[in-house]
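Read off the chains here:
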Amino acid sequence: MSVFIIFVAYMLQEQEVHAAEMERTFIAIKPDGVQRGLISEIISRFERKGFKLVAIKLVVPSKEFAQKHYDDLKERPFFNGLCEFLSSGPVLAMVWEGEGVIKYGRKLIGATDPQKSEPGTIRGDLAVVVGRNIIHGSDGPETAKHEINLWFKPQELVNYTSNAEKWVYGNN
């Protein structure tokens with residue numbers, strides 16, 4: 001009987017660890033990715049990995065909004081061009097949830113320069129030059145929180161349990 005209690009305690013502890021590691025990240029398919037018809041390809045890569053989509057919308061951001069998004073880059077020489085590009089057409093803004101989604105999402109996306117991205121990454125497979133690298137992803141927890149709050153109202157974020165979670169994380 002005591003072995004069973006230890007096992008149950010271990011399983012509960014494991015579930016708490018899984019719950020503590022769940023995080024959210026902001027991912028945007030930029031105007032070039034939308035115009036090239038890459039939305040389903042990109043979404044499917046995140047879904048196949050096991051991440052859960054909790055918010056999505058198609059928007060054309062204003063230049064002022066793009067400046068807020070890229071505020072951390074305002075001193076860089078490419079800032080204005082970057083903001084003009086982001087506001088040049090539709091952007092698919094998304095929030096994805098899962099264990100390690102920020103770090104792994106960045107790996108899935110690939111290096112900022114597509115020519116330095118590994119094959120198998122989104123940029124490595126689908127982009128050619130830095131100025132048209134098709135996707136943006138939060139680079140850390142604070143950035144993710146800021147970007148999610150910038151692009152989405154709290155009521156636009158959906159909380160739900162996916163039927164696939166037990167098959168992704170092993171919480172049966």
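Everything quoted here is computed from the prediction, not taken from an experiment. (Residues numbered from 1 in each chain as written. Predicted model: local features only at pLDDT ≥ 70, side-chain atom pairs only at ≥ 80, totals over all residues. Heavy atoms only, no water.)

Draft legend 1. Here's a closer look at the environment of Glu-147. You can see Glu-147 is positioned in helix H8 (residues 141–151). On the basis of relative accessible area, Glu-147 is assigned to the buried category, the value being 4%. Between the C-alpha atom of Glu-147 and that of Ala-93, which follows or precedes it by 54 residues, the distance is 10.0 Å. Contact partners of Glu-147, with chain neighbours within four places excluded, come to Phe-26, His-69, His-136 and Ser-138. (Helix = DSSP H or I, 4+ residues; strand = E, 2+ residues; numbered from the N terminus. Buried < 20%, exposed > 50% of the residue type's maximum accessible area, 1.4 Å probe, protein only. Contact = heavy atoms within 4.5 Å.)

Draft legend 2. Here's a closer look at the pattern of salt bridges. For the structure on display, the rule yields eight salt bridges. With a closest N to O distance of 3.4 Å, Lys-74 and Asp-71 form a salt bridge. The partly exposed category is assigned to Lys-74, whose relative accessible area is 46%. A single network of salt bridges, built from pairs that share partners, joins Arg-24, Lys-52, Glu-97 and Glu-165. (Salt bridge = Lys/Arg side-chain N within 4 Å of Asp/Glu carboxyl O.)

Draft legend 3. Quick look at the packing of helix H3 (residues 39–49) against helix H6 (residues 101–109). It is the contact of H3 with H6, at a shortest axis distance of 11 Å, that shows an interaxial angle of 135°. Judged on the interaxial angle alone, H6 and H3 are oblique. In this structure, H3 crosses over H6, and the sense of that crossing is right-handed. Of H6, the residues touching H3 (which contributes Arg-45, Phe-46 and Lys-49) are Tyr-104, Gly-105, Leu-108 and Ile-109. In terms of residue class, the contact of H3 with H6 is made up of four nonpolar, one polar and two charged. (Axes fitted to C-alpha atoms, helices over the stretch in contact; angles between N-to-C directions. Parallel < 35°, antiparallel > 145°, perpendicular 65-115°, else oblique. Left-handed = near helix turned anticlockwise from the far one by under 90°. Nonpolar A, V, L, I, M, F, W, Y, C, P; charged D, E, K, R; others polar.)

Draft legend 4. Fine view of the UniProt feature "binding site: ATP" (unreviewed entry) in the protein chain. Listed under "binding site: ATP" (unreviewed entry) in the UniProt record, and renumbered for this structure, are Lys-30, Phe-78, Arg-106, Thr-112, Arg-123 and Asn-133. Looking at where Phe-78 falls in the secondary structure, it is placed in the loop between helix H4 (63–69) and helix H5 (79–86). By secondary structure assignment, the location of Asn-133 is in the loop between helix H7 (122–126) and strand E4 (135–137). On the accessibility criterion, Asn-133 (4% relative accessible area) is buried. Contacts of Asn-133, omitting those with residues within four sequence positions, involve Lys-30, Asp-32, Thr-112, Pro-114, Arg-123 and Ala-127. Reaching out from Asn-133, the side chain makes a polar contact with the side chain of Lys-30 at a distance of 2.7 Å. (UniProt positions renumbered as here; feature names shortened; annotations may be inferred. Polar contact = N/O pair within 3.5 Å; in protein donor to acceptor, adjacent residues only side chain to side chain.)

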